[in-house]
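Structural description and commentary
If you want the building blocks of each chain, they are given just below.
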Amino acid sequence: MPCYFAIAARGVELVTAAELTRLGAHDVKPAVGGVSFEGDLALLYRAVLGLRTATRILRPLREFAAVNPEMLYSQTRRVRWEDYLDPRKTLAVYATIEGASSARPPAANVAPAAGRRGPRATPDRRGERRPAPAGINHSQFAALKIKDAIVDRLRREQGARPDVDTQNPDIRVQAHFAGGRCTLSLDACGASLHERGYRLKTTMAPLKETLAAAIIELSEWQGATPLLDPMCGSGTLVIEAALKALRIAPGLLRTNFACQRWPDYDGAVWSQIEQEAQGAILRTPPAIIEGSDIDPRAIDTAIENARRAGVTHAVKFEVRGIDATHAPAGEPGIIVVNPPYGTRMGEVDELEGLYRQLGELWKERFPGWTAFLLAGNPALAREVELVAAQKFKLFNGGLDCKLLRFDIAPEAGSATSDPAPHEPHPG
Ligand SMILES: C[S@@+](CC[C@H](N)C(=O)[O-])C[C@H]1O[C@@H](n2cnc3c(N)ncnc32)[C@H](O)[C@@H]1O
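Residues numbered from 1 in each chain as written. Predicted model: local features only at pLDDT ≥ 70, side-chain atom pairs only at ≥ 80, totals over all residues. Heavy atoms only, no water.

Attention now moves to the packing of aromatic side chains. As enumerated under the stated definition, the model contains eight aromatic pairs in all. Their ring planes at 50° and their centres at 5.7 Å tell us that Phe257 and Trp270 sit as a pair that is tilted. In this pair, Phe257 is assigned in the loop between α6 (236-245) and α7 (267-279) and Trp270 in helix α7, connecting sequence segments 13 residues apart. There is no split in this pair, since Phe257 and Trp270 are both buried. Cluster of aromatic residues (ring-pair linked, three or more members): Tyr45, Phe257, Tyr265 and Trp270. The positively charged end of Arg10 is found above the aromatic ring belonging to Phe395, 4.4 Å away from the centroid. Here the basic side chain of Arg172 rests over the ring of Tyr94, its NZ or CZ set 3.7 Å away from the ring centre. (Phe/Tyr/Trp six-rings, centres within 6.5 Å; stacked < 30°, edge-to-face > 60°. Helix = DSSP H or I, 4+ residues; strand = E, 2+ residues; numbered from the N terminus. Buried < 20%, exposed > 50% of the residue type's maximum accessible area, 1.4 Å probe, protein only. Lys NZ or Arg CZ within 6 Å of the ring centre and 35° of its normal.)

And the structure:
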């Protein structure tokens, strides 16, 4: 059975593994930065259309030792590229090198590594940090070497070469270097899976759709209880929640995946999987899903994004400051929130009050609810003055973050408040 690798952000791997297991994947193994799994073509198509938290799915073709450019070229040339592309198709090669200063390629799947200064060894799939081999330490150079080897092989085998198209290639080859070895893979997705297609406009600091989906998964919300985001910005958390609640496979919002241009693409199987996914969609959401924000432009954007995602009927957005938020009548639900972190001095001081207000409001008005706060600044998160019952380490655009779970006490005013709010959270 073919083997695949789903790329996921660090901290999200177990969530992606659980998704793959639910989709019917075999031999699901989480690693650092992704999950390997096995499955037939139907499973691949189900994963491409249905995974909410992975950014890419790769089909590894060959793994080999590559400690210098000559080895890289000759080993790449040994792959039977003529089985995957012919000269009429277009090609792009991307490389990631663990331990190199430019470990991240200028590709759409990777969030910019904000705040990173100079060369830093990135962890390999086993979580170890090793420097890149001396001869191959620049991703664009490695990608060029691989492209040359592919083109030379095809010229010899087929008498012509494919063109390079970095914008919308038919076949996208992904090379990953770690510990002196290179893995060459075909990318099944094309554009990163976080590009669902619904978010054409963004406000400041939107979450990646795949990270928002991971937060919803980590909250264990199943769609049956209310979900509120009182600082919803462009609405990413709310829209991802609605997609999950309505069982809309995120890939249905897109029309173009690289695996549809692979030689083994099976249109009949694809249509069947697509129909299965269409058939699973619920007409109405089981519970309230609401977003609010103090900024009217953010709410306009959220409404437009929800329309593009086809979830308008399932969500409600309102211009409202957090001070005006109240729990809807009925059983308690969850709050998911991604407040501003504040990047400049002074901004952080101003935000302290906002975080304190969040904690106070939850204790007063949301008894029995569970709040999930994505915290990019631990000092600000402490201002909430609640003890985190659970913490998940996540990365938002290269920034270390924690998703904190707060269980608000059932009786109004008697919440589990932190007796020593300025001490670090346990765990
Ligand atoms: C980091 S952004 C949220 C981004 C959002 N998760 C997304 O994916 O687009 C924080 C949001 O908090 C909102 N905000 C700041 N102060 C607020 C307040 N007092 N009440 C409600 N919203 C507020 C801002 O307008 C901003 O849209």
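Having seen the structure, we can now continue with the description.
Two elements in contact, helix α1 (residues 13-23) and helix α2 (residues 41-50), have axes whose closest approach is 10 Å; the angle formed by their N-to-C orientations is 130°. If you check the angle between α1 and α2, you find them oblique. Here α1 and α2 pass one another in a crossing that is right-handed. Taking contact as the criterion, the partners of Glu19, Leu20 and Leu23 in α1 are, on α2, Leu43, Arg46, Ala47 and Gly50. (Axes fitted to C-alpha atoms, helices over the stretch in contact; angles between N-to-C directions. Parallel < 35°, antiparallel > 145°, perpendicular 65-115°, else oblique. Left-handed = near helix turned anticlockwise from the far one by under 90°. Contact = heavy atoms within 4.5 Å.)

Let us now look at the sheet that holds strand β4 (residues 54-65). Sheet strands pair via backbone hydrogen bonds, and the direction of the pair is either parallel or antiparallel. As summarised here, the arrangement of the eight strands in space is β2-β3-β1-β4-β8-β7-β5-β6, forming an open sheet in which the pairing is mixed. Two strands bound the open sheet, and with one partner strand each, they are β2 (26-31) and β6 (163-164). Across five bridges, the pairing between strand β1 (residues 3-8) and strand β3 (residues 34-38) is antiparallel. Paired with Ala6 across the strands is Val35, a residue of β3. Against the sheet, helix α3 (residues 69-78) engages β4, β7 (171-178) and β8 (181-187), with an angle of about 105° to β4. (Pairing = 2+ DSSP bridges.)

What follows concerns the site of the ligand. Near the ligand lie 19 residues; those nearest to it are Leu207, Ser234, Thr236, Asp293 and Asn338. Protein chains bury 87% of the 600 Å² of accessible surface belonging to the ligand in isolation. When its residues are assigned to classes, the shell around the ligand shows 10 nonpolar, six polar and three charged. (Near = heavy atom within 4 Å. Areas by Shrake-Rupley, 256 points an atom, 1.4 Å probe, with all protein chains shown as cover. Nonpolar A, V, L, I, M, F, W, Y, C, P; charged D, E, K, R; others polar.)

Attention now moves to α3. Along α3, the residues classified as buried are Pro69, Leu72, Gln75 and Thr76. Angular distribution of buried residues about the axis of α3 spans 135°; they occupy a single face of the element. Summarising the geometry of α3, the exposed residues directed more than 90 degrees from the buried face are Glu70 and Arg78. Contacts from the buried residues of α3 go to β4, α4 (139-158), β7 and β8. (Arc of directions from axis to C-beta.)

Even without a glycine there, the phi angle at Asp27 is positive, about 50°. Assignment of secondary structure puts Asp27 in strand β2. Relative accessible area serves as the criterion here: at 41%, Asp27 is assigned to the partly exposed category. If you check the backbone angles, Glu220 has positive phi at about 65° while not being a glycine. Note that Glu220 resides in the loop between α5 (209-218) and β9 (227-229).

On to the nonpolar core, then. In terms of nonpolar packing, the biggest core is built from 65 residues, with Val311, Trp362 and Phe406 touching the most fellow members. At seven residues, the largest contribution of residues to this core is made by α6. Here this core spans two domains, since at least three of its residues come from each of domain 1 (3-187) and domain 2 (209-248 + 279-407). (Core = buried A, V, L, I, M, F, W, Y, C linked by side-chain atoms within 4.5 Å. Domains from an automatic or database assignment.)

According to the stated counting rule, one finds 28 salt bridges in the structure shown. Linking Lys29 and Asp27 is a salt bridge whose minimum nitrogen-to-oxygen distance equals 3.2 Å. Via salt bridges that share partners, Arg80, Glu82, Asp83 and Arg153 belong to a single interconnected network. (Salt bridge = Lys/Arg side-chain N within 4 Å of Asp/Glu carboxyl O.)

Right, let's get into the pairing of strand β13 (residues 370-375). Residues in a regular strand point their side chains to alternate faces of the sheet. Buried residues dominate β13, accounting for six of its six residues. The alternating pattern of β13 places Thr370, Phe372 and Leu374 and Ala371, Leu373 and Ala375 on opposite faces, both of which are buried. Bridging between strand β12 (residues 334-337) and β13 involves four bridges; their strand directions are parallel. Looking at the pairing, Val336 lines up with Phe372 of β13. Strand direction decides the pairing type here: β13 and strand β15 (residues 399-407), joined by six bridges, are antiparallel. Along β15, the bridge assignment pairs Thr370 with Asp407.

One open sheet accounts for seven strands, arranged β11-β10-β9-β12-β13-β15-β14; its pairing is mixed. Of all the strands in the sheet, the pair left with one neighbour each is β11 (316-319) and β14 (390-396). Each strand axis lies, on average, 20° off the axis of its neighbour in the sheet, ignoring direction. Against the sheet, α5 makes contact with β9, β12, β13, β14 and β15, and its axis sits at roughly 170° relative to β14, the strand it touches most. In the packing of helix α8 (residues 296-309) onto the sheet, the strands contacted are β10 (289-293) and β11, and the crossing angle to β11 comes to about 165°.

Let us look at the environment of Ser271. Structurally, Ser271 can be placed in helix α7. The exposure class assigned to Ser271 is partly exposed, which follows from its relative accessible area of 32%. When the C-alpha positions of Ser271 and Tyr45 are compared, they lie 9.6 Å apart, and in sequence the two are 226 residues distant.

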